[in-house]
Amino acid sequence: MSSTVHDAHTAHHEGEGEHHYQPQVLTMPHAEVTQTVLRVASTMGRTYKLALALFGGLFIAGFIAFIVRAQDGFDTFTPWGYLMATFAFIFTTAMSAPIFSVTQRMVRSHWRRPMGRSAEIMSVAGIVGALMFIPLVLMLPNAADRKSIWFGFPGAPHVYQLAGLIGIALLGMAILYVSSLPDLAAIRDHGKGWRKSLATKLAPKFRGTPRQWKGVKAMLMVLGALYFLFLIGVHTMIASDFALSLVPGWKDAIFPAWHAISGLQSAVASTILVTFLLYKFGGYKDYISVDQFWGASKIMLALSLLWMYFWLSGFMIFWYGRQPVEQALIKLFFAESYRFPWAMAVCLNFAVPFLLLIWNGARKSMIVPTIVACSILLGTFFDRIRIYVASFSVADVRADALHNIHVEPFLENPPPHLPGTADVFMILGGIGGAIFLIMLAMKFFPPISIWEVTEGMLYRKKKRFLKREIMVMGKPD
Amino acid sequence: MQDRVVLGHTPQEVDARINRELLTNVLYTERRYWIIVGFLALVVALAGGAVGYMVNKGIGVSGLHRPVFWGFMITNFVFWVGISHAGVMLSAILRLSQAEWRRPATRAAEIVTVFALMTAILFPIIHSGRPWRTMYWAFPYDFARGIFPNVRSPLVWDPTAITTYLTSSIMFVLVALIPDFAVARDRTKGVAKAIYSVLAMGWRGTPRQWRLQIVAGFLLSALILPVFVSVHSIVSWDFGIAQSVEGWHSTVFAPYFVIGAVHSGVSAVVTVMIILRWLFHWENYITKDTIDSLGRLLIVVATAWFFFFFIEILYSIYTLEDAELGLRKMQFFEAPYSWLFLTFILTGYFIPVPLWLFKNVRRSFKWMFITTILVNIGMWIERFLIIVPGLARKQGLTFSWSTYHPSVIEILLVIGSFAFVSMNILLISKVIPLIPIYDIKEGEILKDEIKIGKVTVPAAKREE
Amino acid sequence: MAIERKPEPKWVMVVDADRCSGCQACVVACQAENNVPLNTDAIFNQKRAHEWIRIERYWVSGDPDKRPDEVDFKNLKVKFLPLMCQQCENAPCEPVCPVYATYHNDQGLNVQVYNRCIGTRYCANNCNYNVRFFNFWEPVWPETLRNQLNPDVTVRSRGIMEKCTFCVQRIRRGDRLVKRENRDFKDGDVTPACVQSCPTGALAFGNIKDEKSAVAKMAHDDRHYRLLEEQGTGPNVIYLKKVDLHAAEDKAHE
């Protein structure tokens, strides 16, 4: 942003000691990109295998913990709060991640090219998410005889919730499939072993004709727009059925939108984290540069500010309203029972990103955005616990719960519900399972989008202008 | 796809032409200009008379009564604050994101911001019971009697936020104007030259001056953004924190108002730009590309706004409380509110947005003019529908329920505010170039193209 | 040596809806006591009438299957609800005033300072009970009523808000009385005009901190409730429910 920032790649200009940062312009031949990316994507190191085994083990342990907890039945909400929080965490982070790729593709930013694929790959976590979601949805009582956003639609909320969640998981994976079609074709032509045969099955016909390219791009636009609508919609549904309408008297229109903003913020954060891991340990040093972190951290900063702003907009109304219901809600969610996770969420989701990322120098590095991304992910985790464990612990779904609240608010605040052993294993299992799937998928789908990176190389040219070299950026309509 | 206007073949030629064409409005005046300004001045004078009458006789001359204590004037206040959100939205955000098409739109947007704010801030003052006391209380604070203003009141946050926003947007305009003032200084004589010399602050176009101006522009852009968001949030809290009005006490109000403001503001900028293009013959600068891009932006903004509108309704009625359901029933189904609601929802969203999806509409000045005007009709009614029905049906004590009809005075004030803003924009166009000359020149220099295979793709040089 | 201060009283009004006959004597008494501008036909039609205390009248259908406007008059019952400023503990009108024209005093009253008021009317918007009144016009009294104005009460000019004060001028007189006699408040020291004029004794006023006072006893009546209590405003007016022999039937309509 500011032109006074120092950087190693820059040249002197007009003798005033001013430095100009030059974005990385890749200049290797296309074939080389294809070759190296495919090679890296198909090798599995020892550490990788160990990590895969660890996360797989965690997933199995979590599944056993779920079976143990399920012995006690699904009649009360409270014991399942942490499973819901874990699901919500996976949904807000990994399952929402493709939105990063979708939006950046829509605004045609160039720096996103090496990052988009890893965001899309995270959609495979939807498999774990859907598995966790099914028992949770079945716990919800029918919408017919209680207050909910469904107004007693037949089949609500179960059918719509499941359709929404499975829909978004499938859409995410569909985006992954379509966007990697050209790369799968490359695996089909240059790969070996099971990868080759699988890729041949998945992309039998892609030859790279102009029509096919047009088709891929149009498909990505359509799927992207659908994905965006689904994401906002599913965030809204989950936030209202698993939190808002369970808590008597909670009437809060911004909450679903805030939940969605949190999803966008975590999507950027998880993409940044994965991109950093790919750079550091994945062997893709050539394709990932500080550009990606610089660009994405601007968005992360903006979303962190929005996160706080949305929260404040809602809180302000309750704070000033001072109605007994509002006071009870503030005590439950922010001030008393769940103030620790809330304080953590504010620090990690707002204070840390804000204080670190306002500095251009910090944004224009790899390590600071990664630290902030970790902080946001951790903060989101605490925040989901705060929302869902708290909601599940006061859940009252009787038909007249909302009416009673006006006379007798739930004045006695429940103490915070702490996780038991089974809860800890379910948390670890859920997150472990998601990571396991993502790691596995990265060994088949190239985590660097070969065609988008090579396309980017076409649009960026270096040119001489007056006394120095500058970059010319193509702006196709 | 993009049709770029070729302004000349050598840089000098381009420069000279830009200077000539964009300074037209400052240096020469057509007759129709004075006719329009004269007509607007007449309307403003009429509205001024209405204000005087109201101050003299009392608020009784309006249609307000218990319990509808706020009506047209506050609606109009919210509307103009909303319009003022266009300037920063376009200038700051697009500057920070380096969108090339922003160049011809920024100055007009900023000017709309400044005058819309100046108009908006008049309304809370004249609508108070004792405007002379309000002035005394607001500037300066009433320290003499040791009573500090009540900082818990949104009505103290309002002037604070709005004056901050007004000050910073004036600064924003002036910083961007310095190079253009210098151009005007070099082309005028006498008193005008002296004034421009002062305003240009010794601008000579040295690299250091340019760098400072760019840094200042970026800094102001970044700093003005939180102000921009806060202003309409605070305006929304005028309503939101009122727990006694069912339709106001909604948590979504702040972002809902902000995005709605951007929706109406950007639309207003499109309208203004199309009028100015016709009035000052700026066919070469305000091109189809410009309004096409603005149209696309509007689709996104409008849809986001519609989402907030939707969840505001959904989450207010989902608890099925009688008071809330009754209020919504009145808003949607009972005349005259039902007619207003229908007009609002059609003109605010369902007519313009589907039309904007068509490229031909986005690239047609006539259609964009019509649709953006429709949006602002809709958004004005939206504010009215937020403010008045909620007040008319307050709480369960049905004995006091009422309705509201504006008086002639209030209608005059609303019309007058539109004339006032338009007149001010036209008057200031005699003093400053309404399209940033230096910014257009910069865009001309940065224009480039690259060849990919057989295709030539328009491109832009990037400094960073 | 510290001066020992007597604890401030806390003023409460009790309205027994069962005794209210809707005669409007309180409304007239209030009008006369507090220099409330005249509600002429014109003003009334503008819906700008000032009634610091008003009698809200609600029709109740005697037939459980029909709405009040559908039954014939024999089956129609009426309920009166005298409504004045509730002097809320947690008054929504107070935080929104930019100039502190309305604030809480130490006797639990929500007071209005006419001099400070600039007439933003925000307090009235944020009042749950619609009991704040704005002077849309300069108040005028016919020549014949000039000498009727109460010298203890300010005549409000146009452009400012006003509302029930619990007859603060009488409370001040009571203050002076107990100070002079150096004793605590007892019932009868302060009687607002509406209470004084009520023929059926539906209104009672007193210091709720004094356990012997009538209001303290009535506050614990089984029938007591406060208006819009769920809004958390904490009104200082306590209502006693109307005793209704057919209450069970009416429940269906509430």
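Residues numbered from 1 in each chain as written. Chains lettered and ligands numbered in written order. Predicted model: local features only at pLDDT ≥ 70, side-chain atom pairs only at ≥ 80, totals over all residues. Heavy atoms only, no water.

Let's shift gears to the interface of chain A and chain B. If you look at the interface, chain A gives 56 residues, while chain B gives 53 residues. Regarding the contact of chain A and chain B, the summed buried area is about 4800 Å², with carbon and sulfur atoms giving 63% of it. Between chain A and chain B we count 3 salt bridges in total. As a salt-bridge pair, Glu-246 of chain B and Lys-251 of chain A come within 3.4 Å of each other at their nearest N and O atoms. Seen at the junction of chain A and chain B, the total is 17 residue pairs in polar contact (both at pLDDT 80 or more). Mapped onto the side of chain A that touches chain B, the elements with two or more residues apiece are α9 (210-242), α10 (254-282), α11 (290-321), α16 (401-404), α18 (450-459), β3 (460-465) and β4 (468-474) of chain A. Counting residues per element, the side of chain A that touches chain B draws most heavily on α11 of chain A, at 11 residues. Considering only residue class, the side of chain A that touches chain B consists of 29 nonpolar, 15 polar and 12 charged. Judged from the 4 bridges that link them, β4 of chain A and strand β2 (residues 455-462) of chain B form a sheet pairing that is antiparallel. Residue pairing across strands places Gly-474 of chain A opposite Ala-459 of chain B, the latter belonging to β2 of chain B. (Contact = heavy atoms within 4.5 Å. Buried area = accessible area lost by both parts, 1.4 Å probe. Salt bridge = Lys/Arg side-chain N within 4 Å of Asp/Glu carboxyl O. Polar contact = N/O pair within 3.5 Å; in protein donor to acceptor, adjacent residues only side chain to side chain. Helix = DSSP H or I, 4+ residues; strand = E, 2+ residues; numbered from the N terminus. Nonpolar A, V, L, I, M, F, W, Y, C, P; charged D, E, K, R; others polar. Pairing = 2+ DSSP bridges.)

A regular strand places its side chains on the two faces of the sheet in alternate fashion. Residue and element names in this part refer to chain C. Across the two faces of strand β10 (residues 237-240) the burial is the same, with Val-237 and Tyr-239 and Ile-238 and Leu-240 all buried. Note: strand β1 (residues 11-16) against β10, 4 bridges, orientation parallel. From the neighbouring strand, Asp-16 faces β10, where its bridge partner is Leu-240. Judged from the 2 bridges that link them, strand β9 (residues 224-225) and β10 form a sheet pairing that is antiparallel. Paired with Tyr-225 across the strands is Tyr-239, a residue of β10. (Buried < 20%, exposed > 50% of the residue type's maximum accessible area, 1.4 Å probe, protein only.)

This part is about the interface of chain C and chain B. Every contact between the two is made by 47 residues of chain C and, on the other side, 51 residues of chain B. Interface of chain C and chain B: buried area, both sides summed, is about 4000 Å²; carbon and sulfur atoms make up 52% of it. Considering only the surface of chain C that becomes buried against chain B, Tyr-122, Asn-125 and Arg-158 of chain C emerge as the three largest contributors, covering 17% of it. In this assembly, chain C and chain B are joined by 0 salt bridges. Along the contact surface separating chain C from chain B lie 34 residue pairs in polar contact (both at pLDDT 80 or more). Every element with two or more residues in the side of chain C that touches chain B is listed here: β2 (53-61), β3 (76-84), α3 (93-96), α4 (122-125) and β6 (132-134) of chain C. A class-by-class count of the residues in the side of chain C that touches chain B yields 25 nonpolar, 12 polar and 10 charged.

Moving on, we get to the packing of helix α5 (residues 113-121) of chain A against α10 of chain A. Residue and element names in this part refer to chain A. Packing of α5 against α10 brings their axes to within 9 Å, and their N-to-C directions diverge by 110 degrees. One element, α5, and the other, α10, form an angle in the roughly perpendicular class. In this structure, α5 crosses over α10, and the sense of that crossing is right-handed. Of α10, the residues touching α5 (which contributes Met-115, Ser-118 and Ala-119) are Thr-271, Ile-272, Val-274, Thr-275 and Leu-278. Classifying every residue of the contact of α5 with α10 by side-chain character gives 5 nonpolar, 3 polar and no charged. (Axes fitted to C-alpha atoms, helices over the stretch in contact; angles between N-to-C directions. Parallel < 35°, antiparallel > 145°, perpendicular 65-115°, else oblique. Left-handed = near helix turned anticlockwise from the far one by under 90°.)

So yeah, pure geometry; function would need other evidence.
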